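# Structural overview
So the chains spell out like this:
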Amino acid sequence: MNSLQKTLLLSTLYGIALMITMLLLNGCTPTIQVATSDKPIEVNLNVKIEHEIKIKVDKEIEQLFDNKETF
């Protein structure tokens, strides 16, 4: 057997080994399943909202508020 024949034999063996490896790895492909729920999605919004309103008043208007005769 000369070196050319040995090279062809090795490349053929490597090719066969590569194909077998690819077939084995292809069989190990994981599967992913997505399923929907039977129950509807429920969003619970227990939110407490607190707010403060601050009003900045001019001094003249503030004097009107202080004057009890106006109201």
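Per chain, residues are indexed from 1 in the order of the written sequence. Thresholds applied to this predicted model are a pLDDT of at least 70 for local features of residues and 80 or more for the giving and counting of side-chain atom pairs; totals over whole chains, interfaces and linings are not thresholded and use all residues. Each side-chain value is worked out from all heavy atoms of the structure, with water and hydrogens disregarded.

## Things to note about the overall build of the protein chain
Counting secondary structure elements, the protein chain contains 2 helices and 0 strands. Exposure classes here rest on a 1.4 Å probe applied to the protein chains alone. A residue is buried below 20% of its type maximum, exposed above 50%, and partly exposed in between. For the protein chain, the residues scored as buried account for 0% of the 71 residues in total. With the model as given, the accessible surface of the protein chain reaches about 8,300 Å², and the carbon-plus-sulfur share is 61%. Counting from the N terminus, the helices are DSSP H or I runs at least four residues long and the strands are E runs at least two residues long. In these tables, accessible area is a Shrake-Rupley quantity obtained with a 1.4 Å probe, and a residue counts as shielded only by the protein chains included in the view.

## Considerations on the pattern of salt bridges
Between Lys or Arg on one side and Asp or Glu on the other, a salt bridge is scored when a side-chain nitrogen of the former is within 4 Å of a carboxyl oxygen of the latter. Under the defined criterion, the tally for this structure stands at 1 salt bridge. In this structure, Glu50 and Lys48 form a salt bridge, with 3.3 Å as the shortest nitrogen-oxygen distance. Since its relative accessible area comes to 64%, Glu50 is described here as exposed. For Lys48, a relative accessible area of 70% corresponds to the exposed category.

## Some words on the UniProt feature "transmembrane region" (unreviewed entry) in the protein chain
UniProt positions are given in the numbering used here, feature names are shortened, and annotations may be inferred rather than shown by experiment. Per the UniProt entry, the sites bearing "transmembrane region" (unreviewed entry) are residues 7–25 in this numbering. The annotated region residues 7–25 carries 100% helix and 0% strand content, and the separation between its end C-alpha atoms amounts to 27 Å.

## Description of a nonpolar patch on the surface
Note that patches include only residues with greater than 30% relative accessible area and no salt bridge, and the join distances are 9 Å for like charges and 5 Å for nonpolar side chains (Val, Leu, Ile, Met, Phe, Trp, Tyr). A contiguous nonpolar patch, built from Leu9, Leu10, Leu13, Tyr14, Ile16, Met19, Ile20 and Leu24 and spanning about 840 Å² of accessible area, is present on the exposed surface. Here Met19 shows up in helix 1 (residues 3–27). Look at Met19 and you get exposed, because its relative accessible area is 55%.

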